[in-house]
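Each chain is listed here by its residues.
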Amino acid sequence: MKKDNFFGSRLRQNSPNVFRSTIISQRLQRTGKAENGDLLLSSMVITEIQLLDAKGKSLFRGTCSGNSGESHTASQYAQDHAKSQRVYKNAVETAVLTFMGALALKTVE
């Protein structure tokens, strides 16, 4: 968030509040078929995000989901572990961007 134009100037070095994020679900989902008929799969993650105060009291709790922008066949994932890691990382990054967008809307209200 530090690199984001909107949030970067609003973040403090020290705050009693803490964000906690937990991946509560991750999976591959069907997105279509390859030319050879094999299923194409993309990654999806669902995260729970909490904002806790200094005493650990939850100030905000919500879920965000993220999908990868890439789809591959199961055999392609099995042959290339780095590809699998990349699509899950992309799905997590998408979930974070979704959360940042929701948070930006909330601060404008």
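Residues numbered from 1 in each chain as written. Predicted model: local features only at pLDDT ≥ 70, side-chain atom pairs only at ≥ 80, totals over all residues. Heavy atoms only, no water.

Engineer: Quick question: what am I supposed to make of the sheet that holds strand E1 (residues 18–33) here?
Structural biologist: Paired through their backbone hydrogen bonds, the strands of a sheet run either parallel or antiparallel. Spatially, three strands are ordered E1-E2-E3 in an open sheet, and the strand pairing comes out antiparallel. Edge positions in the sheet fall to E1 and strand E3 (58–67), since each has one partner strand and no second. Neighbour-to-neighbour, the strand axes of the sheet open up by a mean angle of 15 degrees, direction not taken into account. Of the strand pairs in this sheet, strand E2 (residues 39–52) and E3 are connected by nine bridges, and their pairing is antiparallel. For Thr47, the partnering residue across the bridge sits in E3 and is Cys64. (Pairing = 2+ DSSP bridges. Helix = DSSP H or I, 4+ residues; strand = E, 2+ residues; numbered from the N terminus. Axes fitted to C-alpha atoms, helices over the stretch in contact; angles between N-to-C directions.)

Engineer: Even after reading the chapter, I still don't get the pattern of salt bridges, so can you show me in this structure?
Structural biologist: Oppositely charged side chains are able to pair whenever their charged atoms sit close together. Enumeration over the complete set of coordinates arrives at three salt bridges. For Arg61, the salt bridge is made with Glu48, and the minimal N-O distance between the two is 3.4 Å. Placement of the pair is Arg61 in strand E3 and Glu48 in strand E2, with a sequence separation of 13 residues. Overall, Arg61 belongs to the exposed group, its relative accessible area being 53%. Between Glu93 and Lys89 there is a salt bridge whose closest N-O contact spans 3.9 Å. Of this pair, Glu93 and Lys89 both sit in helix H3 (residues 81–108), separated by four residues, roughly a single helical turn. By relative accessible area, which is 40% here, Glu93 ends up partly exposed. For Lys89, a relative accessible area of 54% gives the class exposed. (Salt bridge = Lys/Arg side-chain N within 4 Å of Asp/Glu carboxyl O. Buried < 20%, exposed > 50% of the residue type's maximum accessible area, 1.4 Å probe, protein only.)

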